[in-house]
Amino acid sequence: MADISNKLFASDPVVLPKGGPLYLQLKRWIEEAIERGAVKPGDALPSERDLALKVDVSRVTVRKAVQHLVRAGVLVQRHGSGTFVAPHSQRVEQSLSQLTSFTEDMARRGMSVRAIWLDRGLYPPSPEETVALGLSGGDLVARIARLRLSGDIPLAIERASLSSRLLPDPEAIESSLYAHLERSNHRPVRAIQRIRAASLGAADAGLLGVAEGAASLNIERISYLESGRVVEFTRSIYRGDTYDFVAELRIGAASETRAK
Ligand code: 16G
């Protein structure tokens, strides 16, 4: 692993960004060095003593700055071998404002996708499916259940229910449900999602390759056609250790008026 002393101290003497207590200035200086790529994930930080000497601050100040960065996940400490710039996050970020499919989400990140089919077929609907999909007596429901993976890494379990009128032949889906629906002009244009934290039972944990009781994000998506008709009622279980759901928030019209 590379020692970053030379890259870090290229500009001699070190000039810390101004403002706030000294340990925060040092913390920002280290963050900036990481942001501009002067130091890379996996690089070793100089020892506390060397940093204190070079930057001309006390070792207590260095320790405090480093502790804050470790807590923030920017640096990692390995017992006996030192402090390192943390590896890039392996977590997947998904926007909460775009109605996209799993296949599209992964393609955008250059990740390959595949699915292991757990079930697909036509069934008499459960009461919950009848209500969610607005089915009438005698209607059948198309159920598709998949373990979704990128390469060999299982990311989510998805169980989708659709009216058999919109998906009469679940066997015909090749890999993407949304691509299949698009072909028959039934791709949803709007959806409501409900997300809650849960812990995995033995069977789902086994499928996702994590320990029983590990954290998951359980998402229920009900999506609609332009006409307001429900297309899918899908329950997805995402591994809690691989997904970050990201939402962009904007100031509301009422608060904007107040702020003026
Ligand atoms: C996403 C949707 C899921 C939809 C699927 C279609 C969430 C939480 N869920 O995973 O409701 O059925 O995409 O993906 O985002 P596909 O077109 O790749 O089969």
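The rules behind each value
- Every chain begins its residue count from 1, and numbering advances along the sequence as written.
- In keeping with the predicted nature of the model, local features appear solely for residues at pLDDT of at least 70, side-chain atom pairs appear and are counted solely at 80 or more, and the whole-chain, interface and lining totals rest on all residues.
- Only hydrogens and water are set aside; all other atoms, that is, all heavy atoms of the structure, feed into the side-chain values.
- Runs of H or I in DSSP of at least four residues are treated as helices and runs of E of at least two as strands, each being numbered from the N terminus.
- Throughout, exposure labels follow a simple rule: accessible area from a 1.4 Å probe, protein chains only, divided by the maximum for the residue type, with under 20% read as buried, over 50% as exposed, and the rest as partly exposed.
- Domain start and stop positions are those given by an automatic or database domain assignment.
- The directions from the helix axis to the C-beta atoms are what the arc is built from.
- Contacts between residues were defined by any pair of non-hydrogen atoms, one from each residue, lying within 4.5 Å.
- Cavity: a set of points on a 1 Å grid over the protein atoms alone where a 1.4 Å probe fits but cannot get out. Pocket: an open set with protein on both sides within 12 Å along at least five of seven lines, its lining residues, like those of a cavity, having an atom within 4 Å of a point.
- Grid points are joined across faces, edges and corners, and a volume is the space filled by probe spheres set on the points.
- Any residue that is not Ala, Val, Leu, Ile, Met, Phe, Trp, Tyr, Cys, Pro, Asp, Glu, Lys or Arg is counted as polar, Gly included; the first ten are nonpolar and the last four charged.
- It suffices for a single heavy atom of a residue to lie within 4 Å of a molecule or strand for the residue to be listed as near it.
- Each polar contact in these results corresponds to two N or O atoms within 3.5 Å; when the atoms are within protein, one needs to be able to donate a hydrogen and the other to accept it, and residues that are neighboring in sequence are counted only if both atoms are side-chain atoms.
- Per-residue and other accessible areas were derived by the Shrake-Rupley procedure at a 1.4 Å probe size, with only the shown protein chains allowed to occlude residues.
- A molecule is counted as occupying a cavity or pocket when more than half of its atoms fall within 2 Å of that pocket's grid points.
- The criterion for strand pairing is that DSSP finds at least two bridges linking the strands in question.
- The convention used is that axes are lines fitted to C-alpha atoms, helices contributing only their stretch in contact, and that angles between N-to-C directions extend from 0 to 180 degrees.

### Notes on unusual backbone geometry
Argument step 1. Phi angles above zero are rare outside glycine, and Asp 56 is one such case at about 65 degrees.
Argument step 2. Its place among the elements puts Asp 56 in the loop between helix H3 (48-55) and helix H4 (59-71).
Argument step 3. The exposed category is assigned to Asp 56, whose relative accessible area is 67%.
Argument step 4. Although it is not a glycine, Asn 185 sits at a positive phi angle of roughly 65 degrees.
Argument step 5. As for its placement among the helices and strands, Asn 185 is situated in the loop between helix H7 (177-183) and strand E7 (190-199).

### Some thoughts on the domain arrangement of the protein
Argument step 1. Segmenting the protein into domains produces domain 1 (2-85) and domain 2 (92-246).
Argument step 2. The distance between the C-alpha centroids of domain 1 and domain 2 comes to 44 Å.

### Re H3
Argument step 1. Those residues of H3 not exposed but buried are Leu 51, Ala 52 and Val 55. Down the axis of H3, the buried side of the element spans an arc of 100 degrees, and every buried residue falls inside it.
Argument step 2. Looking at the buried residues of H3, the elements they touch are helix H2 (22-35) and H4.
Argument step 3. The first or second residue beyond H3 is Asp 56, which carries a positive phi of 65 degrees.

### Structural notes on empty space enclosed by the protein
Taking a probe equal in size to a water molecule and rolling it over the atoms shows the remaining empty space.
Argument step 1. Within this structure, the stated rule accounts for one cavity of 30 Å³ or more.
Argument step 2. Empty space within the largest cavity amounts to approximately 240 Å³.
Argument step 3. Lining of the largest cavity is provided by 22 residues; of these, Phe 102, Glu 158, Tyr 178, Arg 221 and Tyr 238 occupy positions nearest its centre.
Argument step 4. Those elements that place two or more of their residues in the lining of the largest cavity are helix H5 (102-108), strand E5 (141-150), strand E6 (153-163), H7, strand E8 (215-224) and strand E9 (230-239).
Argument step 5. Sort the elements by how many residues they give to the lining of the largest cavity and E9 lands first, with four residues.
Argument step 6. Here the residues of the lining of the largest cavity are counted per class, giving seven nonpolar, nine polar and six charged.

### Details of the site of the ligand
Argument step 1. Neighbouring residues of the ligand: 18 residues in total, closest Thr 103, Glu 158, Ser 176, Leu 177 and Arg 221.
Argument step 2. Between an oxygen atom of the ligand and a side-chain N or O atom of Arg 148, the distance comes to 3.0 Å.
Argument step 3. Calculation on the ligand without its partners gives an accessible area of 460 Å², and the protein chains cover 100% of this total.
Argument step 4. With respect to the pocket detection grid, the ligand is positioned in the largest cavity.
Argument step 5. At the level of secondary structure, the elements contributing two or more residues to the shell around the ligand comprise H5, E5, H7, E8 and E9.
Argument step 6. Ranked by residues supplied to the shell around the ligand, first place goes to E9 with four residues.
Argument step 7. A class-by-class count of the residues in the shell around the ligand yields five nonpolar, eight polar and five charged.

### Topic: the environment of Ala 172
Argument step 1. Residue placement: Ala 172 occurs in the loop between E6 and H7.
Argument step 2. With twelve residues separating them along the chain, Ala 172 and Ala 160 place their C-alpha atoms 15 Å apart.

### Comments concerning the pairing of strand E3 (residues 92-95)
Argument step 1. Of the two faces of E3, the one holding Val 92 and Gln 94 is buried and the one holding Glu 93 and Ser 95 is not buried anywhere.
Argument step 2. Note that E3 and strand E10 (residues 243-246) share four bridges and pair parallel. Pairing of Glu 93 across the sheet is with Asp 244, part of E10.

### Thoughts on the sheet that holds E5
Argument step 1. Taken together, the six strands give an open sheet; going across it, the order is E4-E5-E6-E9-E8-E7, and neighbouring strands pair in antiparallel fashion. Unpaired on one side and paired on the other, strand E4 (114-123) and E7 mark the two borders of the sheet. Direction aside, the axes of adjacent strands within the sheet are offset by 15 degrees on average.
Argument step 2. In this structure, E4 lies alongside E5, joined through nine bridges in antiparallel fashion. For Ala 115, the partnering residue across the bridge sits in E5 and is Arg 148.

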